[in-house]
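Read off the chains here:
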Amino acid sequence: MHLDWTALGEVAAVSTGVTVGVVVVFALGVLGLARFEEARTDGGGAHALGLAQAALCFVACAAVVAYGIYLIVPQFH
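First, a word on what this report is: a plain description of the structure on this page.

Examining the overall build of the protein
A tally of regular secondary structure across the protein gives 2 helices and 0 strands. Its C-alpha radius of gyration of 18 Å places the protein more than 25% over the 11 Å reference for a compact globule of 77 residues. Along the three orthogonal principal directions, the C-alpha set of the protein runs to about 65 × 30 × 10 Å. Counting across all 77 residues of the protein, residues that qualify as buried make up 10%.

Okay, structure coming up:
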């Protein structure tokens, strides 16, 4: 049995990178929601920007999850 260690290392590196990236984008989405709530309670005018940031980040996270499901389920190919 031969094990391709280079390919295994590449898969581990890409998986770790994508996981960290999705967590960072999700955290930015939560930050956008916090800014939206803070601006809404304070009566500030920039609350739409925080909501747009949150929506964009959460849509990006959902797209990554949907792509992962597409890659896993063979009926989608």
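That shown, we press on.
Things to note about the state of the cysteines
One way to say it: the disulfide is the covalent bond shared by the sulfur atoms of two cysteines. Applying the stated rule across the entire model yields 0 disulfides. With no disulfide of its own, Cys-57 has Cys-61 as its nearest cysteine by sulfur position, at a separation of 6.9 Å. Residue classification places Cys-57 among the buried positions, given a relative accessible area of 12%. Among the residues examined, Cys-61 registers a relative accessible area of 9% and is labelled buried.

A short note on a nonpolar patch on the surface
Taken together, the side chains of Val-65, Tyr-67, Ile-69, Tyr-70, Leu-71, Ile-72 and Phe-76 define a hydrophobic patch exposed on the protein surface, amounting to about 750 Å² of accessible area. Mapping Leu-71 onto the fold places it in helix α2 (residues 47-72). Residue classification places Leu-71 among the partly exposed residues on the basis of a relative accessible area of 47%.

Remarks on helix α1 (residues 5-42)
Counting along an α-helix, one turn takes 3.6 residues, and residues three or four places apart therefore face a common direction. The end-to-end C-alpha separation of α1 is 55 Å, in line with the 56 Å expected for 38 residues at 1.5 Å each. Considering only its buried residues, α1 is in contact with α2. Among the residues trailing α1, Gly-43 stands out with phi positive, at a value near 80°.

Re the pattern of salt bridges
Using the criterion set out here, one finds 1 salt bridge in the structure. When the shortest N-O distance is used, the salt bridge between Arg-40 and Glu-37 registers 2.9 Å. Of this pair, Arg-40 and Glu-37 are both found in helix α1, 3 residues apart, which corresponds to roughly one turn of the helix.

Remarks on the packing of aromatic side chains
Counted according to the given criterion, the structure contains 2 aromatic pairs. Plain terms: the ring middles of Tyr-67 and Tyr-70 are 6.3 Å apart, the flat faces sit at 25° to each other, and that makes the pair stacked. On the criterion of helical spacing, the pair formed by Tyr-67 and Tyr-70 is a turn pair, its members being 3 residues apart in helix α2. Assessed through its relative accessible area of 36%, Tyr-70 is described here as partly exposed.

Rules of the game
Residues numbered from 1 in each chain as written. Predicted model: local features only at pLDDT ≥ 70, side-chain atom pairs only at ≥ 80, totals over all residues. Heavy atoms only, no water. Helix = DSSP H or I, 4+ residues; strand = E, 2+ residues; numbered from the N terminus. Rg over C-alpha atoms; globule rule 2.2 N^0.38 Å. Buried < 20%, exposed > 50% of the residue type's maximum accessible area, 1.4 Å probe, protein only. Disulfide = S-S within 2.5 Å. Patch = residues over 30% accessible without salt bridge, like charges linked within 9 Å, V, L, I, M, F, W, Y side chains within 5 Å. Areas by Shrake-Rupley, 256 points an atom, 1.4 Å probe, with all protein chains shown as cover. Salt bridge = Lys/Arg side-chain N within 4 Å of Asp/Glu carboxyl O. Expected span 1.5 Å × (residues − 1). Contact = heavy atoms within 4.5 Å. Phe/Tyr/Trp six-rings, centres within 6.5 Å; stacked < 30°, edge-to-face > 60°.

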